[in-house]
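Tertiary structure, described
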Amino acid sequence: MVCVACSQPKAGQRFIPLDLGQVKPEGWLKDWAQDAANGITGHLDEYEKVFEYGWLGRDISARQSDGDGVISSTGWLLEQSAYWIDGALKLGYMLNDSSLIHKTAGRLDGVVDGVLASENNTFIWWKPDSIVVAENGDIGKGSFNNWAHGLMGRCLVSYWQATHDERILKALEKVYSSGFYLKPPQEDIYSPTAGLTQGMVRGAVNIDAMTETLLLTGNEAIRKAILDYASDPGQKYEEQRLRSKNLRCDNNWGDATIHGVTLNEVARVPAIMSLTTADRAQLEASAHLLDWVDRFNELPFGLNSAEEWLSGIGPYRFTETCDIPAAMWTRTWMLRITGQSRWADDVERAFLNAGPVPVSRDFKTMSYYQSPNRIDENTPQGPPIPGPGRQIVYTPTGNKTLCCVGSSNWIIPNYVQNMWMRAAGGGLACVLYGPCSVKADGLELLCDTGFPFTDTQTIRVKVGKAVRMPVYFRIPGWCKGMSVCIDGKAVEGDYYDGFLRINRKWEDGDVISIHLPMQTKVYTVEDNCYPQDPYFTEPHWGRINMAVFDTTAGRKYTCVDYGPLLYALPLYDIDENTVVPGQKSDCSLALASRRCCYM
């Protein structure tokens, strides 16, 4: 690795992720992570050919997204398996699970070897470059490959964070120096006309791994590729539009909506580019778009609605599981860049409330969709989206469309890895609360807590030699009166963008006690109509007209929070798909334990 402090992007990060494995889950969080390793995350390759053969550099056939047909070895298959490989790799290193590490590292070693030995400049090394970057809307060729390609870049960055293997960096540099994988917008990416070409749009998230590679190497060819993309007139137009758009109360952005996962992925692209360009307007564009999403589409569990496409606010709207890790990931980047605690609040709420819903208690079955309020498993009818089967039933793969079962494996490790970060000016930051252990910068910290089920956290310090450094503690937006004691004595610190900074000499045996008082919050939300977009208002792929779903628009419903948690009325089940019959409750959720109800 080349250390190039003088070549770092112009606008630095405020917080920097630790290496993979430096933060490990403990307590209930470790139990849940272990269930994932014993369940879907550890064994998904045994369920479907997609995950058995994905990224092994061979042509395979598997079930198509919207039917029982077959597709070839690119596009959807690579997207779905990249989700799983990245999540499983991270979980393996966090749990020191040799089986998971061996299974996933073997796939990634093959990619690295293939890239370094091939004349092609692509992670899909067994195919020509042209099939990855082709500018057409044929899913399985060209455009969608560009999206899957970016996901593999993220996998390799994770592998680097775990191993610091120089060969991984060489593969990343070789591919991203070509600049092939950022393409100027071909059309208005926030309109429904994106259609099948949205894979090309999502290909812009190659910016994640490109920027990480630039941060590690200072490679000038990569820097130029990012700057060229940032200066493209189409990209500039999109950023200006995001900054200046008036937020309208009818939920419609020009009477249009957008695919939820696409939005959650592309929303961070301008912000990440600002690390290279030092253009604050790009950061503002990302923040403006995310604020719009929250204002007009956020559901009570802290995540936007997405019946494939954003569908407004209401207790019966649905969210696709893929949106959970995508939304968390984008807001983690916003936290890294801005240092503002509000983005960590968003990650926490989505993780604690939406994250557990689509997976069963033993992490062996999952569902494609969730909804804040389900009176029973059939009411109201399922989400109005195309595709085979029932997307709300729990099965080992969730649905014939396999993206959500793949991406569900990101939810736990992406939270755990970012619980603690390194502050850019020195020191460590407690960004997300929960039971964990940390080893970094000469400190070993054991965070003992039942959070969010308790409001205290005890951190025990172990250090061979006393060390002076600042440690930052996030002040949650829901918390009033947070207090910190060290060795039984109250301490005060400095305040930075929602963080408390304590700068002192840390001794072996120091005990940090954090009190995060939780209050009950009862609030009302007003249902709004579906976006008046052809996706919802016209018959589409056999879907019924969505006007019938707008009969509740304007009605208000009530939610109850306690600290970071959305509260729920009890509903007893026999298993994840079967409710105990005869229960009387006007406000209950049959399958997933997240509820709100109309006034």
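Residues numbered from 1 in each chain as written. Predicted model: local features only at pLDDT ≥ 70, side-chain atom pairs only at ≥ 80, totals over all residues. Heavy atoms only, no water.

**Focus: the sheet that holds strand E15 (residues 483–486)**
Taking strand neighbours across the sheet as the criterion, the 7 strands line up as E2-E11-E12-E13-E19-E15-E16 in an open arrangement whose pairing is antiparallel. Because the sheet does not close on itself, it has two edges, and the strands there are strand E2 (23–25) and strand E16 (489–491). Here the average twist between neighbouring strands, direction ignored, is 20 degrees. (Pairing = 2+ DSSP bridges. Helix = DSSP H or I, 4+ residues; strand = E, 2+ residues; numbered from the N terminus. Axes fitted to C-alpha atoms, helices over the stretch in contact; angles between N-to-C directions.)

**Section: the confidence of the model for the chain**
Of all residues in the chain, 77% have pLDDT values of 70 or greater, and the mean over the chain is 82. pLDDT under 50 marks residues 135–142. Its contacts with residues more than four places away, or in other chains, come to 20 contacts. Below a pLDDT of 50 lies the segment residues 246–255, which in the model reaches 26 contacts outside its immediate sequence neighbourhood of four places, other chains included. (pLDDT = per-residue confidence, 0-100. Contact = heavy atoms within 4.5 Å.)

**Comments concerning the packing of helix H16 (residues 323–338) against helix H17 (residues 341–354)**
Two elements in contact, H16 and H17, have axes whose closest approach is 8 Å; the angle formed by their N-to-C orientations is 160 degrees. In terms of axis orientation, H16 runs roughly antiparallel to H17. Remark: the crossing between H16 and H17 carries left-handed chirality. Across from Ile-324, Met-328, Arg-331, Thr-332, Met-334, Leu-335 and Thr-338 in H16, the residues of H17 making contact are Trp-343, Ala-344, Asp-346, Val-347, Ala-350, Phe-351 and Ala-354. Here the contact of H16 with H17 is composed, by residue class, of 10 nonpolar, 2 polar and 2 charged. (Parallel < 35°, antiparallel > 145°, perpendicular 65-115°, else oblique. Left-handed = near helix turned anticlockwise from the far one by under 90°. Nonpolar A, V, L, I, M, F, W, Y, C, P; charged D, E, K, R; others polar.)

**Section: the sheet that holds strand E17 (residues 494–496)**
Strands sit in the order E1-E9-E10-E14-E18-E17 across an open sheet of 6 strands; the sheet is mixed. The sheet is open, and its two edges are formed by strand E1 (15–17) and E17, each paired on a single side. Pairwise comparison of adjacent strand axes, ignoring direction, gives a mean angle of 35 degrees for this sheet. The pairing of E17 with strand E18 (residues 499–506) spans 3 bridges and is antiparallel. Each residue of the ladder has a partner; that of Asp-494, found in E18, is Arg-501.

**Some words on the packing of aromatic side chains**
Centre distance and the angle of the planes are the two values used to describe a pair of aromatic rings. Inspection of every chain in the model, using the stated rule, returns 18 aromatic pairs. With a centroid separation of 6.0 Å and 85 degrees between ring planes, the pair formed by Trp-55 and Trp-126 is classed as edge-to-face. On the criterion of sequence distance, the pair formed by Trp-55 in the loop between helix H3 (49–53) and strand E3 (62–63) and Trp-126 in the loop between helix H5 (98–117) and helix H6 (129–133) is long-range, its members being 71 residues apart. Judged by relative accessible area, Trp-55 falls into the buried class, the value being 1%. With centroids separated by 6.2 Å and ring planes inclined at 15 degrees, the aromatic side chains of Phe-451 and Trp-478 adopt a geometry described as stacked. Pair noted here: Phe-451 is in the loop between strand E12 (443–448) and strand E13 (456–462) and Trp-478 is in the loop between strand E14 (467–474) and E15, with a separation of 27 residues, a long-range link. Exposure remark for Phe-451: the relative accessible area of 2% places this residue in the buried category. For Trp-478, a relative accessible area of 17% corresponds to the buried category. (Phe/Tyr/Trp six-rings, centres within 6.5 Å; stacked < 30°, edge-to-face > 60°. Buried < 20%, exposed > 50% of the residue type's maximum accessible area, 1.4 Å probe, protein only.)

**Looking at the nonpolar core**
Counting 160 residues, the largest nonpolar core has Trp-55, Phe-123, Trp-420 and Phe-473 as its most contacted members. In this view, Trp-420 contacts Leu-18, Val-23, Leu-428, Ala-429, Cys-430, Cys-436, Val-438, Leu-445, Cys-447, Ile-459, Val-471 and Phe-473; residues no more than four positions away in its chain are not counted. (Core = buried A, V, L, I, M, F, W, Y, C linked by side-chain atoms within 4.5 Å.)

**Considerations on the side chain of Arg-331**
Note that Arg-331 resides in helix H16. The buried category is assigned to Arg-331, whose relative accessible area is 6%.

**Considering helix H8 (residues 166–176)**
Buried within H8 we find Ile-168, Leu-169, Ala-171, Leu-172, Val-175 and Tyr-176. Considered in projection along H8, the buried side chains sweep an arc of 160 degrees and stay on one side of the axis. A distance of 2.9 Å separates the backbone nitrogen of Arg-167 from a side-chain oxygen at the start of H8, and that oxygen is part of Asp-165. (Arc of directions from axis to C-beta. Polar contact = N/O pair within 3.5 Å; in protein donor to acceptor, adjacent residues only side chain to side chain.)

**Comments concerning the pairing of strand E11 (residues 436–440)**
Counting buried residues in E11 gives 4 out of 5 residues, a clear majority hidden from the surface. Note: E2 against E11, 3 bridges, orientation antiparallel. For Pro-25, the partnering residue across the bridge sits in E11 and is Cys-436. Pairing of E11 with E12 involves 5 bridges; the strand directions are antiparallel. By the bridge assignment for E12, Ala-440 is matched with Leu-443. Hairpin connection between E11 and E12: a loop of 2 residues separates the two successive antiparallel strands, and Asp-441 in this loop has a positive phi of roughly 55 degrees.

**Side note on the pattern of salt bridges**
One pass over the full model with this rule turns up 22 salt bridges. Measuring nitrogen to oxygen at the nearest pair gives 3.7 Å for the salt bridge that ties Asp-346 to Arg-331. Residue Asp-346 is located in helix H17, and its partner Arg-331 is located in helix H16; the two are separated by 15 residues in the primary sequence. Linking Glu-348 and Arg-474 is a salt bridge whose minimum nitrogen-to-oxygen distance equals 3.0 Å. In this pair, Glu-348 sits in helix H17 while Arg-474 sits in strand E14, placing the two residues 126 residues apart along the sequence. Salt bridges sharing common partners tie together Arg-154, Asp-208, Glu-265 and Arg-268. (Salt bridge = Lys/Arg side-chain N within 4 Å of Asp/Glu carboxyl O.)

**As for the packing of helix H4 (residues 76–95) against H5**
At a closest axis distance of 8 Å, the pairing of H4 and H5 adopts a crossing angle of 135 degrees. Here H4 lies oblique to H5, going by the angle between them. Considering the relative orientation of H4 and H5, their crossing is left-handed. On H5, the residues that touch Trp-84, Ile-85, Ala-88, Leu-89, Leu-91, Gly-92 and Tyr-93 of H4 are Leu-100, Ile-101, Lys-103, Thr-104, Ala-105, Arg-107 and Leu-108. Of the residues contributing to the contact of H4 with H5, the split by class is 10 nonpolar, 2 polar and 2 charged.

**What to know about the pairing of E13**
Of the two faces of E13, only the one carrying Gln-457, Ile-459 and Val-461 is buried; Thr-456, Thr-458, Arg-460 and Lys-462 on the other face are not. Taken together, the 5 bridges between E12 and E13 define a ladder with antiparallel strand orientation. Following the sheet pairing, Asp-448 is matched in E13 by Thr-458.

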